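# Working through the structure, step by step
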Amino acid sequence: MRLPSFEHLEPRSLEEALGFLAKHKEQAKIIAGGTELLVCMKHGLLAPAYLVNLKAVRELDFVSEDDGGLRIGALTRLSTLSETPAVRERFPVVAQAAEMVAAPPLQAMGTVAGNLCLNTRCFYYNQSSFWRQARGACYKTGGDRCHVVKGGKRCLATYQGDIAPALIALGATLRMVSNGSEREIPLAELYTGKGRRPLALEPDEIVAEVRVPAPFDGMAGDYQKLRLRGSMDFPLAGAAAVLSRNGSGVCSRARVALTAVGTGPLVVEEATQLLEGQQVTEDLVAQAAEAAYEAARPASNVGSDASYRRKMVRVLTRRAILNAWRKE
Amino acid sequence: MAEGELVGQRVVRIDSRAKATGEARYTADLTLPRMLHAKVLRSPHAHARILNIDTSKAERLPGVKAVVTGKDAAGVKWGVFRYTRDQELLPAEKVRYVGEDVAAVAALDEETALEALSLIDVEYDVLPAVFDPLEAMQEGAPQIHDHVENNVNIHVPIEVGDVDRAFQEAYLVREDRFSDTEYTYCQTEPYAVLVNYDSNGNLEIWTPNASPHTKAKALSNLLKMPLAKVKVRKISTGGAFGGRSDIFPGEFIAALLAIKAGRPVKMVYTREESFTSVRQAHSMVVDLKTGVTEDGRFLANEMKVVLDGGAYSSTGPIAVSVPFLVWEETYRLHNVRFNGYRVFTNKPVRGMYRCHGRSFMGGLGMQLDMIAEELSIDPAEIRLRNALRTGETQVTGSRIISCGLTEAIEKATETSGWKEKRGKLPYSRGIGMGASGMMVGFPMGIRGGSAALLKFNEDGGCTLISGVVDNGQGNESMVVQIAADVLGMKMEDINLVSSDSEITPLDQGAYSQASTFVSGNAARGAAVDAREQILNIASDMLDATPGELDLKDGQVFVKHRPEWNVWLGKVIRKALLDNTPVVGRGSYMPKVDLRREWVSNPKGQHAGTFSFGAVVAEVEVDTETGQVRVTNVTGAHDCGFAINPMAVEGQLEGSVASGGVGASLLEEHSWDGGQMLNATMLEYKVPLSVDMPQITPIIVETVDPEGPFGAKEAGLAGSMNMFQAVGNAIYDALGVWIKEFPITPDKVLQALEEKDPES
């Protein structure tokens, strides 16, 4: 498969990059690792006139400690992220999730922001132009129907990022910049759940960095991923849990986030309510896992049966919570 | 080294260096002056009549040099057999699957060719389609080929003995239904072809293939050109697994374009095209009824199998027969009834894969374990009781001249710790076995044999010219090792010229596990002939009889007085001056019954010899997710004699991976009607290195009386037995039988829930 033609822009600074985006808006796409974008372009899903390559914008490539928390530059490679001592030692769940993304060669290319900004995926979308022309356009490609659920009213393309649930459970925020302005949003708010525009990112905006707050006392996390092979695959379901235990053995903070079972990462609020302020027992964990099962909305569009994947949410959530609780 | 000293050694294959360094050239790497690039326009419909194709806009696009449609194909049809010629390689009137070839463009570059495709207007009349073979057989189902009622492409009936009476006499009768989905080969190298056509009417073709001679003959028929003008050249092939064996639209279309444009044409498929528009393996549904005696010996075996053949015949008659053949080549059967149906559907064409789904073995390998359990017999023991042995004759008449099945079962069980583990591992861990025999070659008429030539240079070096084909198995290295052994030479002193339909003699190709047995025998014959000529000439020079002489390290010498010797180069020079140049000639034709025919006469000697293997697999199941991990595989294979033990072990390990671990647990196609949802290497789950078990290969040697140095074949024990071994191991682990392959986690979980609804 061939890439469509495009103009390649190579800004030397964030400012220059933002200038290009402001100028070309929807006609431009940011490229960092390229592990997803180039595949989509070969499939004819995206045909940007300009690619703004951030590889020379070194100011976005950093991991630093800040007030006990972390600042992760958008251009940080996933392999760098999982190898950074501050991440490994203080936020091991992030390293754990990053090491489960695709396979090592792709972790060495793919960036943190690229993984967070992963487009939603679907068997009827991630296909060549030839493949897709055999049926009409779907919601995600600007059409009026869903091929997954005939008569479906909205796009069900699945969000399959690995590091987002872990970072969401840690309470991470994003610093997003555009020409002349900047804002900070909770990571969970990046995801719209909408097929055509799954990310709340303006065309002239760049995700500049991820901020992870300082760890709570007695905090530990775990990420569980369902995939058919031992590497390479996107999650068919994933659950991240981050729990804090106070001095008297009570769970003082609990966050559970899911991936690959909805159109964006899902935060399981009920799990927080069930676990916080309680002694964590097997029974309570089972209830939290049941809440995750209830929250999950997988569609049969990324491999494996949706009902099977939904059941697995229960298993993965239970394992993630118990592992996080026992790690501490 | 004396004869028999180099064979049996663990040697580095002659192709290893080029493959490891990237020096080996594949079709897509090739460039010729003035070469054009071609792309194919494919049908987006599973079943449709082509009403009109307008190529005028595409033809006017600058850079486009040729456009072809079904009109250029003159209506010729391809089929492996005279009675299965039903595939127009570029159809004029009707398309029968999504991805079928409709038109093609050759242009200065691929971008222009792709742009031209978008300018071709095709008017279709979309027809009702059918995707399930059982539905396709029903009255009123859409008829895919006008001449074929109920879409039954091939029916192979085989009956021997009195089956009904034998069932009545049986102590135990079991009936089960098993099924298996289709696979795609996923060779590392996608399909590619380069065609050069010159003004003298010579057509040269480079394409990954399992037999240049078969491709050349088919193209000479289809293009109505003399065979001598159609030259399929040697090229490295990046994996085959059966998927390079047939004739495909790609080479035919590229040839039409090259002839029309008068320029070389290269066409490289995308991975998606390699999935949908070359070949896939058959899916099948099997109804199996088996009657045994109280001590577990087969009395009556009945099988009905329905194969989804896709849109065209391809290797249909062979595919249908194979689920039967695999039983009779493994076990002592007496009364058998087989009805095999290959049914047309509006899906991509199905062909051979690792010997046609023999790995699945029609479920017999699992049903045998069920029977063993009911009779309280150990699964290894019930196999040993029924296993064929040397000197026995299979139920349709093939005599077995060497058989290591018993030894393979015994060694695999002993090495794997079977007795200590089977039925004794903790819940969720299990061990299972599989055993099978396999044909080494099959009747292919004039194409069933191989010949080789060996010519010497005046410096004592030589060139072996053999039709042998290597798709990665190590066949090229095998013939060189054999010739080097016979001639007392180093392997690096023999140059090999192979797999060129113009230059090398006819060879059966890398089909049906026959290369070592047939091509190896021919190479050995050529080397023996050359050696005799050399010793005869040297006997004058050394004043000794040829019988007193030996040849080693480039010297001919008197065996009892090695200091009486002469340099080989000198012997070659004398031969040239004497007008008796040394050219060795060898050939081999396997001793098969040439009257045997797949459909009309399925009896008589089917193959020259048979090889055998047994595999023990251990699994670990995550009972909450249903995920199965194969942790250990012990595979014992009767290869007759291991010419290069390292290559034999490599083949066994490869067959555990390809068609083994993946095919039994992970690989399947997802469909929406006739459209494949997962035609990508990301979503079609070929196992990765991290998914592979620890493999312990065991070589069993029976020294076949016909094979070169006693060798047979070395490719299939793993893939043929993994299904049974894994299915049986899962039963040992969990106490549930899962009869639908692949055994994906959701099926495991469902089986567990059905067994214990409380869980």
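Rules behind the numbers
- Residues numbered from 1 in each chain as written.
- Chains lettered and ligands numbered in written order.
- Predicted model: local features only at pLDDT ≥ 70, side-chain atom pairs only at ≥ 80, totals over all residues.
- Heavy atoms only, no water.
- Helix = DSSP H or I, 4+ residues; strand = E, 2+ residues; numbered from the N terminus.
- Rg over C-alpha atoms; globule rule 2.2 N^0.38 Å.
- Buried < 20%, exposed > 50% of the residue type's maximum accessible area, 1.4 Å probe, protein only.
- Contact = heavy atoms within 4.5 Å.
- Areas by Shrake-Rupley, 256 points an atom, 1.4 Å probe, with all protein chains shown as cover.
- Lys, Arg positive; Asp, Glu negative; His and termini not counted.
- Charge placed at Lys NZ, Arg CZ, Asp CG, Glu CD.
- Phe/Tyr/Trp six-rings, centres within 6.5 Å; stacked < 30°, edge-to-face > 60°.
- Lys NZ or Arg CZ within 6 Å of the ring centre and 35° of its normal.
- Pairing = 2+ DSSP bridges.
- Buried area = accessible area lost by both parts, 1.4 Å probe.
- Salt bridge = Lys/Arg side-chain N within 4 Å of Asp/Glu carboxyl O.
- Polar contact = N/O pair within 3.5 Å; in protein donor to acceptor, adjacent residues only side chain to side chain.
- Expected span 1.5 Å × (residues − 1).
- Core = buried A, V, L, I, M, F, W, Y, C linked by side-chain atoms within 4.5 Å.
- Axes fitted to C-alpha atoms, helices over the stretch in contact; angles between N-to-C directions.
- Disulfide = S-S within 2.5 Å.
- Domains from an automatic or database assignment.
- Parallel < 35°, antiparallel > 145°, perpendicular 65-115°, else oblique.
- Left-handed = near helix turned anticlockwise from the far one by under 90°.
- Nonpolar A, V, L, I, M, F, W, Y, C, P; charged D, E, K, R; others polar.

### What to know about the overall build of chain B
The helix and strand inventory of chain B stands at 20 helices and 33 strands. Computed over its C-alpha atoms, the radius of gyration of chain B comes to 27 Å, within 12% of the 27 Å expected for a compact globule of 759 residues. Dimensions of chain B, computed from the C-alpha atoms along their principal axes, are close to 85 × 75 × 45 Å. Here chain B, with 759 residues, has 65% of them falling under the buried criterion. Taking the intrachain contacts of chain B between residues at least 6 apart in sequence as the baseline, contacts between residues at least 24 apart amount to 79%. Per element, the accessible surface of chain B, about 26,400 Å² overall, is 48% carbon and sulfur. Averaged over its 76 positive side-chain charges, chain B has a centre that lies 5 Å from the centre of its 101 negative ones.

### Some thoughts on the overall build of chain A
Within chain A, the secondary structure is distributed over 12 helices and 12 strands. Relative to a compact globule of 328 residues, whose C-alpha radius of gyration would be 20 Å, chain A shows 20 Å and is just as compact. The buried share of chain A, taken over its 328 residues, is 57%. The long-range fraction of contacts in chain A, counting pairs at least 24 apart against all pairs at least 6 apart in sequence, stands at 63%. Total accessible area on chain A is roughly 13,200 Å²; 48% of this is exposed by carbon and sulfur atoms. Positive and negative charge centroids in chain A, built from 41 and 35 side chains respectively, lie 9 Å apart.

### Here we look at the packing of aromatic side chains
Throughout the structure, instances matching the rule amount to 16 aromatic pairs over all chains. Plain terms: the ring middles of Tyr124 of chain A and Trp131 of chain A are 5.9 Å apart, the flat faces sit at 70° to each other, and that makes the pair edge-to-face. Grouping residues by exposure puts Tyr124 of chain A and Trp131 of chain A together as buried. The structure contains a cluster of three or more aromatic residues connected by ring pairs, namely Tyr183, Tyr185, Tyr353, Phe723 and Phe741 of chain B. Positioned over the ring face of Tyr125 of chain A is Lys140 of chain A, at 4.7 Å from the centre of the ring. Against the face of Tyr293 of chain A rests Arg310 of chain A, its NZ or CZ located 4.5 Å from the ring centre.

### Describing the pairing of strand E10 (residues 172-180) of chain B
All names here are of chain B. Relative to strand E16 (residues 283-292), E10 runs antiparallel, the two sharing 9 bridges. Among the inter-strand pairings, Arg174 is bridged to a residue of E16, identified as Thr290. Note: E10 against strand E33 (residues 740-741), 2 bridges, orientation parallel. Counted as the bridge partner of Ser179 is Glu740 from E33.

### Structural notes on the interface of chain A and chain B
Counting residues at the interface gives 30 residues for chain A, matched by 34 residues for chain B. Summing both sides of the interface, chain A and chain B together bury roughly 2,900 Å²; the carbon and sulfur share of this comes to 53%. On the chain A side of the contact with chain B, Arg2, Leu228 and Arg229 of chain A bury the most area, a combined 24% of that side's loss. With its nearest N and O atoms 2.8 Å apart, the salt bridge here joins Asp622 of chain B to Arg319 of chain A. Put simply, chain A and chain B have 21 residue pairs in polar contact (both at pLDDT 80 or more) between them. Contributions of two or more residues to the side of chain A that touches chain B are made by helix H8 (129-133) and helix H12 (306-327) of chain A.

### A closer look at helix H11 (residues 282-295) of chain A
Between its first and last C-alpha atoms H11 of chain A spans 20 Å; for 14 residues at 1.5 Å apiece the expected length is 20 Å, and the two agree. Where H11 of chain A is buried, its residues meet strand E11 (251-259), helix H10 (269-275) and H12 of chain A.

### Concerning the nonpolar core
Ranked by internal contacts, the top residues of the largest apolar core, which has 140 residues, are Leu243 and Leu258 of chain A together with Ile730 of chain B. Sequence-distant contacts of Leu243 of chain A, that is, excluding residues within four places in its chain, are made with Gly218, Met219, Ala220, Cys251, Arg253, Ala254, Val280, Ile321, Ala324 and Trp325 of chain A. Val11, Cys462, Ala530 and Leu568 of chain B belong to the second-largest nonpolar core, a separate cluster that totals 46 residues.

### Some words on the side chain of Asn644 of chain B
Residues and elements named next belong to chain B. Looking at the secondary structure, you find Asn644 in the loop between strand E29 (628-638) and helix H18 (645-665). Using a relative accessible area of 6% as the deciding quantity, one classes Asn644 as buried. At a separation of 2.9 Å, a polar atom in the side chain of Asn644 contacts the main-chain carbonyl oxygen of Val11. Discounting chain neighbours no more than four positions away, the residues touching Asn644 are Gln9, Arg10, Val11, Arg13 and Gln481.

### Focus on the sheet that holds strand E24 (residues 549-552) of chain B
Residue and element names in this part refer to chain B. Within the open sheet, the 3 strands sit side by side as E24-E25-E26. Their pairing is antiparallel. One side of each edge strand has no neighbouring strand; the edge strands of this open sheet are E24 and strand E26 (561-567). Put simply, the sheet's adjacent strands are angled 30° from each other on average, direction ignored. As paired strands, strand E25 (residues 555-558) and E26 are joined by 4 bridges and run antiparallel to one another. Opposite Phe557, over in E26, you have Asn565 as the bridge partner. Strands in contact with helix H16 (residues 515-542) are E24, E25 and E26; relative to E24, the strand with the most contacts, it is inclined by about 120°.

### Thoughts on the state of the cysteines
Residue and element names in this part refer to chain A. Evaluated as defined, the whole model comprises 0 disulfides over all chains. With no disulfide of its own, Cys146 lies 6.5 Å from the sulfur of Cys122, the closest cysteine sulfur. Since its relative accessible area comes to 8%, Cys146 is described here as buried. You can see Cys155 has no disulfide; the closest cysteine sulfur is in Cys138, sitting 6.2 Å from it. What makes Cys155 buried here is its relative accessible area of 11%.

### What about helix H12 (residues 379-386) of chain B?
Residues and elements named next belong to chain B. Buried residues dominate H12, accounting for 6 of its 8 residues. The set of residues buried in H12 consists of Pro379, Ala380, Ile382, Arg383, Leu384 and Asn386. For H12, the side-chain oxygen to backbone nitrogen distance between the N-cap and Ala380 is 2.8 Å, and the N-cap itself is Asp378.

### Side note on the domain arrangement of chain B
Residue and element names in this part refer to chain B. For chain B, the assigned domains are domain 1 (16-23 + 445-588) and domain 2 (389-443 + 598-759). Each of domain 1 and domain 2 has a C-alpha centre, and these two points are 36 Å apart. Facing the 17 residues of domain 1 at the interface are 19 residues of domain 2. Both faces combined, the contact of domain 1 with domain 2 buries some 1,500 Å², and carbon together with sulfur accounts for 63% of it. When the area that domain 1 buries against domain 2 is broken down by residue, the three leading residues are Ser512, Gln513 and Phe517, summing to 41%. Our enumeration of links across domain 1 and domain 2 arrives at 0 salt bridges. Our count for the contact surface shared by domain 1 and domain 2 stands at 5 residue pairs in polar contact (both at pLDDT 80 or more). Of all elements in the fold, only helix H15 (475-487) and H16 reach the threshold of two or more residues within the side of domain 1 that touches domain 2.

### Digging into the packing of H18 of chain B against helix H19 (residues 717-734) of chain B
Residues and elements named next belong to chain B. Interhelical geometry of H18 versus H19 gives an angle of 45° and a closest axis separation of 7 Å. By the angle class used here, H18 and H19 are oblique. Classified by chirality, the crossing of H19 by H18 is right-handed. Here H18 contributes Leu652, Ser655, Val656, Ser658, Gly659, Gly660, Val661, Ala663, Ser664 and Leu665 to the contact with H19, which in turn contributes Ala717, Gly718, Ser719, Met722, Phe723, Val726 and Ile730. Looking at the contact of H18 with H19, its residues break down into 10 nonpolar, 7 polar and no charged.

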